[in-house]
Every structure is written in C-alpha cells, then in structure tokens.
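So the chains spell out like this:
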Amino acid sequence: MPPATPDLISPRSARVLAARRLARRNFRGKERLFLAEGPQAVREAAAHGDTLVELFATPEAAERHAGIVGEARDAGARVHLADEQVIEDISTTVTPQGLVGVCRFVDTPFDDVLAARPRLVAVLAHVRDPGNAGTVLRCADAAGADAVVLTDASVDLYNPKAVRASVGSLFHLPVAVGVPVERAVAGLRDAGVRVLAADGAGRDDLDDELDKGTMGGPTAWVFGNEAWGLPEETRDLADAVVRVPIHGKAESLNLATAAAVCLYASARAQRASGGCRSVTDS
C-alpha cells in the first residue's frame, strides 16, 4: 500500500475536540458515544453493524492496519488521518497504538436480555473498578455467557479503561446497564434463571454445587465489590451464596479470577455432553 496522504486533520478541528471530550462520562452520556482504542477494539467495532462512527489514525497506523481502516470505511465510518499529537490528545492510554474509534453506545435493554431466555449471565453489582468490569465482561464472553448486566451501582460500561479491558468483548454479547440489582435478580428468576451470589464467605461451596449436579440449568452469577464483596441485602436476594474453595494457602481470589472460575464452572456443567473450542485452536 502506498504511504498515506499527509493531509492531517487539524488539532483544533471540531471533530477532534468532540472526540477528546468523550474521555468524560457526562459527555459520553449526552452524546451516547464512546472511544475504542487500538486495532483490536476498532476491528470489533467496525464489524458490529453501524457502531463505528469515526476513526482517527496516524498515517503509519493507517498503513500498518490498512485492512482495519478499510473495514472501518466499509462500515460507513469517517476516517481522519491525524498526527501522533492528535492521537495522544484523544487517547486515554499512556502509549496509544495509533487508532482511536468513536463508537455509538451498544448496551441492550434489560427486557431484551430476558426475552432471549439466557442460560448464563454475569451480573456486576457494586463493581467500581473499570478494569475489573471490562475483564469480567471478557471472561463472560470467553465462557460463552449470553449476557452481562451492570447494576446502577456499578462503574460506567463505557469508561475507557473498561472498554480496553474487555479487549473487544464489549461488542460480542448483550450488555445491560443501570439495572437496579433487585430488578436484575427478580427479572432473571422470573425468566427461569437460578441466581447465585459469589462471595468468599458463602455458605455453599462451588465444588459441592458441581458434585450435586445443580449447575447445569440456566444460571446468573452476581459479583460484588472488589474490596468488600456483596452487601447482605444483595446476598439475601440470591437463591444461594457460593464461595470458590481455596485449596492452597492463598487468602482469597481477586474479582476477575473468581468470576472466571464461577462462569467456567457453569459453562462446563451446561456443556457436559458437548465440547468447546480450545484457546489454542487457530
């Protein structure tokens, strides 16, 4: 591919200024737009219907990722060449990768999640760290979950750190946001989903649940705050409060690790007679 034309967008352009403001939650909510940074996120956004609105790229990145830039154009996105300083100004990372996309919100109404009769759901209640939220979303995607629900007490789904931590999984499965935890639990239960609260002090042991054969049906896992877990009133909403057993000397597991263990336990139980793709498959 020949070198990209150096007709760079001005740092003072209204498009650049508008994109820069999306680092702030109030502007994201007002415009219903967010930033997706790096080739992986931009590629996934371009493949997600009309989600990708604009793409800012350095000439070097546009040449290196010509296929992604082409996919962005095919998806109807406006592509702007920009120098590295513009990308740094828009980006929220210390070392930008030369591509920053502006995307439409992609969350799904909670009623639509329920109408799809999900079999495996991750509910993030009181999760405040955006990196953890994005990582749990990625774990849910990898485990084959049907949806993720962020309660109204959890972090903004479109926080740049959460978007980066999801590594594109944000575009792969339905995510409902701003749902009160009481409504989330009641709605899921009415849809025939068993609701389990994950808590280190839970009465029930995950290994015992697996041994009893109770994990094969539709299940929602409720995950709590990174530091203090789930409040008592939230635990009381669940059908059972389950702890991940610690077989060694570690004091505890962090939120994302515990979520991965719980979600994969359910996925394994639900797929007992089937198979799954290895992470080493090409």
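As a starting point, this report considers the structure included with it.

**Quick word on the overall build of the protein chain**
Across its full length, the protein chain carries 13 helices and 11 strands. In terms of overall size, the protein chain behaves like a compact globule, its C-alpha atoms giving a radius of gyration of 20 Å where 282 residues would be expected to give roughly 19 Å. In terms of overall dimensions, the protein chain has a C-alpha envelope of 65 × 40 × 40 Å along the principal axes. Burial statistics for the protein chain: of 282 residues in total, 50% are counted as buried. Summarising the internal contacts of the protein chain: among those between residues at least 6 apart in sequence, 83% fall at separations of at least 24. For the protein chain, the exposed surface amounts to about 13,600 Å²; the carbon and sulfur share of it is 49%. Distance between charge centres in the protein chain, computed from 31 positive and 38 negative side chains, equals 2 Å.

**Some details on the environment of Arg20**
Note on placement: Arg20 falls in helix H1 (residues 14-21). Measuring from C-alpha to C-alpha, the distance between Arg20 and Glu88 comes to 9.7 Å, with 68 residues separating the pair along the chain.

**A word on a negative patch on the surface**
Together, Asp152, Glu182, Glu232, Glu233 and Asp236 give the surface a local cluster of negative charge. Summarising the element assignment, Asp236 is placed in the loop between helix H12 (232-235) and strand S11 (240-243).

**Thoughts on the sheet that holds strand S3 (residues 78-81)**
In sheet architecture, strand pairing relies on hydrogen bonds along the backbone and comes in two forms, parallel and antiparallel. Across the sheet, four strands lie side by side as S1-S4-S2-S3; this open sheet has mixed pairing. Either end of the sheet is taken by a strand with one partner, and the two such strands are strand S1 (33-37) and S3. Ignoring strand direction, the axes of neighbouring strands in this sheet form an average angle of 20°. As paired strands, strand S2 (residues 52-57) and S3 are joined by four bridges and run parallel to one another. Counterpart to Ala57 in the pairing with S3 is Leu81.

**What about the packing of aromatic side chains?**
Within this structure, the stated rule accounts for five aromatic pairs. Ring plane angle 50° and centroid distance 6.4 Å describe the contact between Phe34 and Phe105, whose orientation is recorded as tilted. Here Phe34, found in strand S1, pairs with Phe105, found in the loop between strand S4 (99-104) and helix H7 (110-115); they are 71 residues apart in sequence, far enough to count as distant. Using a relative accessible area of 0% as the deciding quantity, one classes Phe34 as buried.

**What about the packing of helix H3 (residues 39-46) against helix H5 (residues 66-74)?**
Between two packed helices, both the angle of their axes relative to each other and the distance between the axes serve to describe the pair. Axis separation between H3 and H5 bottoms out at 9 Å; the angle between their running directions is 30°. Overall, the two elements H3 and H5 adopt an arrangement that is roughly parallel. Note that H3 runs across H5; the crossing there is left-handed. Where H3 approaches H5, its residues Pro39, Val42, Arg43 and Ala46 are matched on the opposing element by Ile68, Glu71 and Ala72. When the residues that make up the contact of H3 with H5 are grouped by side-chain class, the tally is five nonpolar, no polar and two charged.

**Concerning the pairing of strand S10 (residues 219-223)**
Buried residues dominate S10, accounting for five of its five residues. Side chains of S10 alternate between two faces, with Thr219, Trp221 and Phe223 and Ala220 and Val222 buried alike. Bridge count for strand S5 (residues 120-124) against S10 is five bridges, and the pairing is parallel. Pairing of Val123 across the sheet is with Val222, part of S10. Across four bridges, strand S8 (residues 194-198) lies against S10 in parallel orientation. By the bridge assignment for S10, Val195 is matched with Ala220.

**Re the pattern of salt bridges**
Working definition: two side chains of opposite charge can pair if their charged atoms are close together. For the structure shown, the criterion picks out 12 salt bridges. Here Arg28 makes a salt bridge to Asp156, at a shortest N to O gap of 2.6 Å. Note that Arg28 is positioned in helix H2 (residues 25-31) and Asp156 in the loop between strand S6 (147-151) and helix H9 (160-166), a separation of 128 residues in sequence. Of the two residues, Arg28 and Asp156, neither departs from the other in class, the shared state being buried.

**Considerations on the sheet that holds S5**
On the basis of which strands lie adjacent, the open sheet formed by seven strands has the order S7-S6-S5-S10-S8-S11-S9 and parallel pairing. The open sheet has two free edges, formed respectively by strand S7 (175-179) and strand S9 (204-205), since each of these has just one partner strand. The sheet contact formed by S9 and S11 spans two bridges and is parallel. Residue pairing for S11: Asp205 is matched across the bridge by Arg243.

The rules behind the values
- Residues numbered from 1 in each chain as written.
- Predicted model: local features only at pLDDT ≥ 70, side-chain atom pairs only at ≥ 80, totals over all residues.
- Heavy atoms only, no water.
- Helix = DSSP H or I, 4+ residues; strand = E, 2+ residues; numbered from the N terminus.
- Rg over C-alpha atoms; globule rule 2.2 N^0.38 Å.
- Buried < 20%, exposed > 50% of the residue type's maximum accessible area, 1.4 Å probe, protein only.
- Contact = heavy atoms within 4.5 Å.
- Areas by Shrake-Rupley, 256 points an atom, 1.4 Å probe, with all protein chains shown as cover.
- Lys, Arg positive; Asp, Glu negative; His and termini not counted.
- Charge placed at Lys NZ, Arg CZ, Asp CG, Glu CD.
- Patch = residues over 30% accessible without salt bridge, like charges linked within 9 Å, V, L, I, M, F, W, Y side chains within 5 Å.
- Salt bridge = Lys/Arg side-chain N within 4 Å of Asp/Glu carboxyl O.
- Pairing = 2+ DSSP bridges.
- Axes fitted to C-alpha atoms, helices over the stretch in contact; angles between N-to-C directions.
- Phe/Tyr/Trp six-rings, centres within 6.5 Å; stacked < 30°, edge-to-face > 60°.
- Parallel < 35°, antiparallel > 145°, perpendicular 65-115°, else oblique.
- Left-handed = near helix turned anticlockwise from the far one by under 90°.
- Nonpolar A, V, L, I, M, F, W, Y, C, P; charged D, E, K, R; others polar.

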